[in-house]
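Chain by chain, the residues run as shown.
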Amino acid sequence: MTLRALWPVTEQFQNKNGSNLVSGKVYIYYQGRTALATTYHDEAGTVVNANPVLLDNNGRATVFADIIYSYTIVVCDYYGKELFSQDITLHDAISTAKE
């Protein structure tokens, strides 16, 4: 299993007003939203994240995922209201960077 950060470690999620998304939630699905994905807090894959991942007071969270899968992230506020979603394919991003 090869793990990579699902988003940059310094990524800061914000609400629609531009404020840090304090205690926001990020649901991470295998692409298509059919099943919650397994992600990790560290690149070695020794600490499994809860799903949803909770954002800290700065709107950040550390998430590593297996590059063989594609993912859909769903970012929600503290109350669980969906703010946005995005599809992420780690394999394509890594392949493009190597070319």
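Residues numbered from 1 in each chain as written. Predicted model: local features only at pLDDT ≥ 70, side-chain atom pairs only at ≥ 80, totals over all residues. Heavy atoms only, no water.

Engineer: Can you tell me about the environment of Thr2, naming the residues and giving the values?
Structural biologist: Topologically, Thr2 is positioned in the segment before β1 (3-5). Assessed through its relative accessible area of 35%, Thr2 is described here as partly exposed. With 65 residues separating them along the chain, Thr2 and Ile67 place their C-alpha atoms 6.0 Å apart. Discounting chain neighbours no more than four positions away, the residues touching Thr2 are Ala65, Asp66 and Ile67. (Helix = DSSP H or I, 4+ residues; strand = E, 2+ residues; numbered from the N terminus. Buried < 20%, exposed > 50% of the residue type's maximum accessible area, 1.4 Å probe, protein only. Contact = heavy atoms within 4.5 Å.)

Engineer: Before we move on, could you go through the environment of Arg60 and cite the residues and values that matter?
Structural biologist: As for its placement among the helices and strands, Arg60 is situated in the loop between β3 (53-54) and β4 (64-66). For the pair Arg60 and Leu36, spaced 24 residues apart in the sequence, the C-alpha separation amounts to 20 Å. The contact partners of Arg60, leaving out residues within four places of it in the chain, are Val9, Thr10, Glu11, Gln12, Leu54 and Leu55. Within polar-contact distance, the side chain of Arg60 engages the backbone oxygen of Thr10 at 3.2 Å. (Polar contact = N/O pair within 3.5 Å; in protein donor to acceptor, adjacent residues only side chain to side chain.)

Engineer: Quick one: what's the story with the nonpolar core, residue by residue and with numbers?
Structural biologist: One broad rule of soluble globular proteins: the nonpolar side chains tend to lie buried together. Counting residues in hydrophobic clusters, the biggest one holds 19 residues, and the most contacted among them are Leu6, Trp7, Val26, Ile28, Tyr71, Ile73 and Leu90. Within the residue set of this core, elements represented by two or more residues are β2 (25-30), β5 (70-76) and β6 (82-89). For this core, the element with the highest residue contribution is β5, accounting for three residues. (Core = buried A, V, L, I, M, F, W, Y, C linked by side-chain atoms within 4.5 Å.)

Engineer: Tell me about the pattern of salt bridges, residues and numbers included.
Structural biologist: Here the structure, examined in full by the defined rule, presents two salt bridges. The residue Glu82 makes a salt bridge to Arg33 at a minimum N-O spacing of 3.2 Å. Of the two residues, Glu82 sits in strand β6 while Arg33 sits in the loop between β2 and β3, which places them 49 residues apart along the sequence. You can call Arg33 partly exposed: its relative accessible area is 38%. (Salt bridge = Lys/Arg side-chain N within 4 Å of Asp/Glu carboxyl O.)

Engineer: Before we move on, can you summarise the sheet that holds β3 with the specific residues and values?
Structural biologist: Pairing is antiparallel across the open sheet formed by four strands, whose spatial order is β3-β2-β5-β6. Here the strands that pair on one side only, and so sit at the sheet edges, are β3 and β6. Strand direction decides the pairing type here: β2 and β3, joined by two bridges, are antiparallel. Opposite Val26, over in β3, you have Val53 as the bridge partner. (Pairing = 2+ DSSP bridges.)

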